[in-house]
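Breakdown of the fold
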Amino acid sequence: MDMSQYQELFVSETQEHLQAMNEAILELERGEEVGSPLAQLFRSAHTIKGMAATMGYDDLSHLAHDLEDLMDRVRKGDLTVTPPLVDLLFTVVDAIQSMVEDIAAGRESQVDLPSLLAQIGSYGLASIPSPDESSPVAETTAEPGAEPTLAVHVTLQADCALKSVRAFMVSKRLGELGRVVGYSPSEDDLAQENFDREFTVFLSTTAPAAEVERAVQSIAEVESVQAIAGRDEESLPSPQAELLTVEEPGSAKPAFTAAPRPASAPAVAQNVRVNVRHLDALVNLTGELVISRSRLKRVIKDGDAERLAEAMEDHTQIISRLQEAVLQVRMVPVSYVFNRFPRMVRDLLKKEGKEADLIIEGADIELDRSILERLGDPLLHLLRNAVDHGLEPPEERERLGKPRRGVIRLSARRERGQAVIEVSDDGRGLSREDIVRRTIEQGIITPERATDLSDEQVYMFICNPGFSTSEQVTEVSGRGVGMGVVKEQVSALRGMLEIHSVEGQGTTFLMHIPLTLAIIQALLVGVGDESYAVPLSYVERTVLVEAGGVKRVHRWQMTTLDGEVIPLFHLGEMLDVPDYSRDRGSAYVLIVRRGQQAVGLVADAMLGKEEVVVKPLRGFLGEITGVSGATILGGGQVVLILDVPALLQELR
């Protein structure tokens, strides 16, 4: 059986188990109740071992097996959880991670397995296989027919998802106890799942029947197993059963052939776990569409305009519901990304000699998967900066009257149709004076200009390429690259970055991110003879400001709304649109926000609200500041979608 078709699923599921193992080890290190994290480690290691054995990745299966044995000694009380043991557990998990990545890339593993097994062996566990060691199957050296035959009858659970895989696991496990000589039904039928839940494997072995039954029963999704000894007719293969050809003593092979490693790297796994209710909703809506189509055909044939309008309205509603259901399938909790970071933060803190608690909040907030995957790099840089730049060493915190252990907070919440991702720390904060001094030294601003800037505007300078307040370059930071990546990635997601800080108290980074990039609610506005779409998630309100409500202060136009002074900027000027209305009695204004400051964007006309499909711009068009994409309206008109955060950044 060719197992390569299951490789992507194997990699995806193993990654999930590795994440769970990292979390469990972190719980052990924090001194929490040992039972629960230990049980999680057992489950994950056992599952990885079984899946790796099924796929034919013997080194990986061996390593996971020794990890199981190590955990067993902890469970029995022979070992206690100590810092060296925790470090070893993390090393083993990292090695498994590396091996899985090598499998996904189709390359030979770079893990020094004998050395790692020797480390585990220092706890009196592992046996390091030598190159001369034969596999368990090859150790069977008796002549064919010299050993008693067992008919091993196996019944799988009713809800077993991959029966052929379980059959392969059973065959492989039995091959370790002797020599498989036949099957009922045949090997091909087992491989193609042409059987119900029951099958029989005929085994030539000296192992007791009870031992064989225990070995098979330990395999997941096996409901029952019975090994019948002897050479009576009932236990021998039937004429329909397949007999294996044994070329020479000891050379019998297991039932199925493990998948060879691919010559080239496979595509990145794109599997998404989807709740069954979402799939049920899609099926139901598809059925409604079919019925609606039939109704439309009938009404069109009858030529009844009134009934046609009603049918079109119903059809439109079904399509809208279908669209929502499809988008919901793409939504993934932010925990999908957040859960990667506790281990990373732990390792950085240990390396830097600092102490802190990472608090994660709002991990159940859902985002489009395509957005979530691109948030990994920005969050990585922000958390590294929090550890390196933000937090003070424990001794310094005590001198400042702070708790010895700092707090790093990673949270997600929803605001006005957007997701707000927050990374904060209670460390030393940003120094406006240091940032201004560096920007002046680098010729970014003049001393006169610096006095006109708000704190938030000054803090944004740390996102400039090459800017860094570190006096020296370390492995963690200091090259002025990290924050530039954060700003670039957030802008690419049509998001907005805010930085707030109080010197001596800490720093907070806020990323305002759209929930999805595929379909958005947009406000269509007219600027001169052109039309543009403004994502509604950025617009707080729209107002019509009369001529008398606009005042000029120096070179700026201002208006007042609800007691708040709001600067006005015409989209025609910002977008360099010819023939826009420069002087008119009243103005249509979109109120948006840049940080805490409300800003008014002036348009010539309001054309209405519409749901639009976002089409990304490629090539040099994708580099136009202030434009995030395009859409096609019902009449075929192509309209550019404005990148409001980028436009507001240009106003500085």
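Residues numbered from 1 in each chain as written. Predicted model: local features only at pLDDT ≥ 70, side-chain atom pairs only at ≥ 80, totals over all residues. Heavy atoms only, no water.

Within the chain, the secondary structure is distributed over 21 helices and 23 strands. Residues counted as buried form 45% of the 652 residues belonging to the chain. Of the contacts formed within the chain by residues at least 6 apart in sequence, a portion of 70% connects residues at least 24 apart. Surface exposure of the chain reaches about 32,700 Å², of which carbon and sulfur atoms provide 50%. (Helix = DSSP H or I, 4+ residues; strand = E, 2+ residues; numbered from the N terminus. Buried < 20%, exposed > 50% of the residue type's maximum accessible area, 1.4 Å probe, protein only. Contact = heavy atoms within 4.5 Å. Areas by Shrake-Rupley, 256 points an atom, 1.4 Å probe, with all protein chains shown as cover.)

The mixed open sheet is built from six strands, whose spatial order is 15-19-20-18-17-16. Among the strands making up the open sheet, the edge pair consists of strand 15 (541–546) and strand 16 (551–553). Strand-to-strand twist across the sheet, computed as the mean angle between neighbouring axes with direction ignored, equals 40 degrees. Inspection of the sheet shows strand 15 paired to strand 19 (residues 586–594) by six bridges, in the antiparallel sense. In the strand pairing of strand 19, Val543 is matched with Val589. (Pairing = 2+ DSSP bridges. Axes fitted to C-alpha atoms, helices over the stretch in contact; angles between N-to-C directions.)

Bringing the pairing of strand 22 (residues 627–632) into the picture now. Burial of strand 22 is extensive: five of the six residues sit out of reach of the surface. Relative to strand 23 (residues 638–642), strand 22 runs antiparallel, the two being bridged by five bridges. In the sheet register, Val627 faces strand 23, and the bridge partner there is Leu642. From the end of strand 22 to the start of strand 23, which pair antiparallel, there are five residues, and Gly636 there has a positive phi angle of about 95 degrees.

Take Thr439: it is sitting in helix 16 (residues 432–441). Taking relative accessible area as the criterion, Thr439 reaches 0% and is therefore assigned buried. What Thr439 contacts, discounting residues up to four positions off in sequence, is Ile444, Ile445, Phe461 and Phe467.

Here we come to the packing of helix 12 (residues 341–352) against helix 14 (residues 376–390). Two elements in contact, helix 12 and helix 14, have axes whose closest approach is 10 Å; the angle formed by their N-to-C orientations is 30 degrees. Regarding the angle of helix 12 to helix 14, the classification is roughly parallel. The way helix 12 lies across helix 14 gives a crossing that is right-handed. Contacts between helix 12 and helix 14 involve Phe341, Met344, Val345, Leu348, Leu349 and Glu352 from the former and Gly376, Leu379, Leu380, Leu383, Arg384, Val387 and Asp388 from the latter. (Parallel < 35°, antiparallel > 145°, perpendicular 65-115°, else oblique. Left-handed = near helix turned anticlockwise from the far one by under 90°.)

Its 27 residues give helix 9 (residues 276–302) an end-to-end C-alpha distance of 40 Å, which sits within 8% of 39 Å, the value for a rise of 1.5 Å per residue. Of the residues making up helix 9, those classed as buried are His278, Leu282, Leu285, Leu289, Ser292, Leu296 and Val299. Trailing helix 9 by a residue or two, Gly303 shows a phi angle of about 75 degrees, which is positive. (Expected span 1.5 Å × (residues − 1).)

This part is about the confidence of the model for the chain. Overall, the predicted model of the chain reaches an average pLDDT of 79, with 84% of residues at or above 70. In this model residues 126–146 is a low-confidence stretch, pLDDT under 50, and it forms 36 contacts with partners more than four residues away in sequence or in other chains. (pLDDT = per-residue confidence, 0-100.)

Taken in spatial order, the five strands line up as 21-13-14-23-22 in an open sheet, and their pairing is mixed. Because the sheet does not close on itself, it has two edges, and the strands there are strand 21 (605–613) and strand 22. Ignoring which end each strand starts from, the neighbouring axes of this sheet average 35 degrees apart.

Looking now at the packing of aromatic side chains. The description of an aromatic ring pair uses the distance of the two centres, along with the angle that the planes make with each other. Throughout the structure, instances matching the rule amount to two aromatic pairs. An angle of 45 degrees between the planes, with centres 5.3 Å apart, marks the rings of Phe10 and Tyr57 as tilted. Taken together, the positions of Phe10 in helix 1 (residues 7–29) and Tyr57 in the loop between helix 2 (35–55) and helix 3 (58–76) put the pair 47 residues apart, joining distant regions of the chain. Taking relative accessible area as the criterion, Tyr57 reaches 5% and is therefore assigned buried. Over the ring of Phe42 we find Arg75; its NZ or CZ atom is 4.1 Å from the centre of that ring. Above the plane of the ring of Phe195 lies Lys163, whose end atom (NZ or CZ) is 5.0 Å from the centre. (Phe/Tyr/Trp six-rings, centres within 6.5 Å; stacked < 30°, edge-to-face > 60°. Lys NZ or Arg CZ within 6 Å of the ring centre and 35° of its normal.)

Our next topic: the nonpolar core. The biggest cluster of nonpolar side chains holds 66 residues, and the ones touching the most others in it are Leu60 and Leu63. A total of 12 residues in this core trace back to one element, the largest contributor, which is helix 4 (residues 83–105). In contact with Leu60, not counting residues within four places along its chain, are Phe10, Ile48, Ala52, Ile96, Met99, Val100 and Ile103. Residues Leu372, Ala412, Ile421 and Tyr459 belong to the second largest nonpolar core, which totals 51 residues. (Core = buried A, V, L, I, M, F, W, Y, C linked by side-chain atoms within 4.5 Å.)

A few words on the pairing of strand 10 (residues 418–425). Counted residue by residue, strand 10 has eight buried out of eight residues, so it is predominantly covered. Along strand 10, one buried face is formed by Gln418, Val420, Glu422 and Ser424 and the opposite face, lined by Ala419, Ile421, Val423 and Asp425, is buried too. Pairing analysis gives eight bridges linking strand 9 (residues 406–415) to strand 10, with the strands arranged antiparallel. The residue of strand 10 that forms the bridge with Glu415 is Gln418. If you look at the hairpin formed by strand 9 and strand 10, you'll find two residues sitting between the two strands, and Arg416 has a positive phi there, around 50 degrees. Bridging between strand 10 and strand 12 (residues 506–514) involves eight bridges; their strand directions are antiparallel. Across the sheet, residue Asp425 finds its bridge partner in strand 12, namely Thr507.

Between the first and last C-alpha of helix 3 there are 27 Å, a value that for 19 residues agrees with the 27 Å anticipated at 1.5 Å per step. By the burial criterion, the buried members of helix 3 are Leu60, Ser61, Leu63, Ala64, Asp66, Leu67, Glu68, Leu70, Met71, Asp72 and Val74. A positive backbone phi angle near 90 degrees is found at Gly77, which sits one or two residues after helix 3.

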